[in-house]
Amino acid sequence: MKKVCVITGGSSGIGLSIVKLFIENNYQVFNLDLSPSAEGDFRQCDVTNVSQVTEIIDEISKQHTIDVLISNAGIHFSGTIENTSEADLDNVFNINVKGAYAAIKAVLPSMKANNNGAILLMASDQALIAKHNSFAYNLSKSALASIAKTTALDYAAFNIRANAVCPGTIETPLYHKAIDNYCQKSGADKNEVHQDEEKLQPLQRLGQPEEVAELVLFLASDKAKFITGSLQVIDGGYTAQ
Ligand code: NAD
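The name given to the protein chain in an unreviewed UniProt entry is SDR family oxidoreductase, with Colwellia demingiae as the source organism. You can read under Sequence similarities (unreviewed entry) in the UniProt record for the protein chain the words "Belongs to the short-chain dehydrogenases/reductases (SDR) family."

Here it is, written out as structure tokens:
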């Protein structure tokens, strides 16, 4: 029988690579995203809407046992604390943190009943280190690391594992949008900014979404059954500097 995986934000970038890899590995994948996708079983969903997330996951739970949750939907926002309005802060938190809260809370009854489950939170290297101009995003990713740890402790007795994945700079639409915004504001040349970004990485290149998906597949599997409450860095050596 196929294992069942629920992912948020599976229509683009890292999430889309995860959906494809999990399907290749015989999972049935439910993708909760704002934007439609042809990959997996798509459910239109705004993760900031807690009751919508709960309703969709409850519906899936009635038909299936949920083995894996990947809380991946997220947005980037650039700004110092002074450049971050209250509305900006709420928006980043609602998507990046409250979305994870909603999805985790909704899958727990199914996982507890099955005495089994793997929860992955897509955090960032910014859960471990700070980057310039990243007040709200950095804060939200540190919060996800905290959620991985508290969930791991509270649900270990139910054989439910929770881990945070901490990617460095990964070449996805979110990355391109972030450097487009930067170039627009600063007048910098996009090719130069991209090359500079590559040079900042010890491995001299950016990560690819498929590489993050491989780590997530491992962490979701029984091969990782003793790994819980951890922050798993995949950053080409960036945070080792
Ligand atoms: P992306 O923009 O390519 O994909 C994000 C997906 O989330 C999109 O499909 C989007 O529609 C969905 N989404 C956004 N808001 C949503 C909402 N309110 N409800 C439902 N879905 C929503 O981004 P990505 O680079 O693949 O990033 C995925 C995750 O990885 C994010 O949490 C991001 O913070 C994290 N991350 C990315 C990088 C990177 O360099 N790309 C590095 C570290 C962490």
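Okay, back to it.
Novice: I'm lost on the domain arrangement of the protein chain in this one. Help?
Specialist: Interface size is often expressed as the accessible area that is lost when the parts come together. By the assigned domains, the protein chain splits into domain 1 (3-169 + 208-233) and domain 2 (171-206). Computed over C-alpha atoms, the centres of domain 1 and domain 2 are 25 Å apart. Taken together, the contact pairs eleven residues of domain 1 with eleven residues of domain 2. With both sides pooled, the region where domain 1 packs onto domain 2 buries about 830 Å², and carbon together with sulfur makes up 52% of that total.

Novice: Just checking my understanding: could you explain the site of the ligand for this structure?
Specialist: Neighbouring residues of the ligand: 27 residues in total, closest Ser12, Ile14, Asp33, Tyr137 and Thr172. Within the side chain of Ser12, an N or O atom sits 2.6 Å from an oxygen atom of the ligand. In this structure, Asn72 approaches the ligand through a main-chain N or O atom, which is 2.8 Å from an oxygen atom. Relative to its unbound accessible area of 840 Å², the ligand is 93% covered by the protein chains. Mapped by element, the contributors of at least two residues to the shell around the ligand are helix H1 (13-24), helix H4 (135-155) and helix H5 (173-186). Taken together, the residues of the shell around the ligand break down into 13 nonpolar, eleven polar and three charged. Composition of the shell around the ligand by domain shows at least three residues from each of domain 1 (3-169 + 208-233) and domain 2 (171-206).

Reading the values: the criteria
- Residues numbered from 1 in each chain as written.
- Predicted model: local features only at pLDDT ≥ 70, side-chain atom pairs only at ≥ 80, totals over all residues.
- Heavy atoms only, no water.
- UniProt positions renumbered as here; feature names shortened; annotations may be inferred.
- Domains from an automatic or database assignment.
- Contact = heavy atoms within 4.5 Å.
- Buried area = accessible area lost by both parts, 1.4 Å probe.
- Near = heavy atom within 4 Å.
- Polar contact = N/O pair within 3.5 Å; in protein donor to acceptor, adjacent residues only side chain to side chain.
- Areas by Shrake-Rupley, 256 points an atom, 1.4 Å probe, with all protein chains shown as cover.
- Helix = DSSP H or I, 4+ residues; strand = E, 2+ residues; numbered from the N terminus.
- Nonpolar A, V, L, I, M, F, W, Y, C, P; charged D, E, K, R; others polar.

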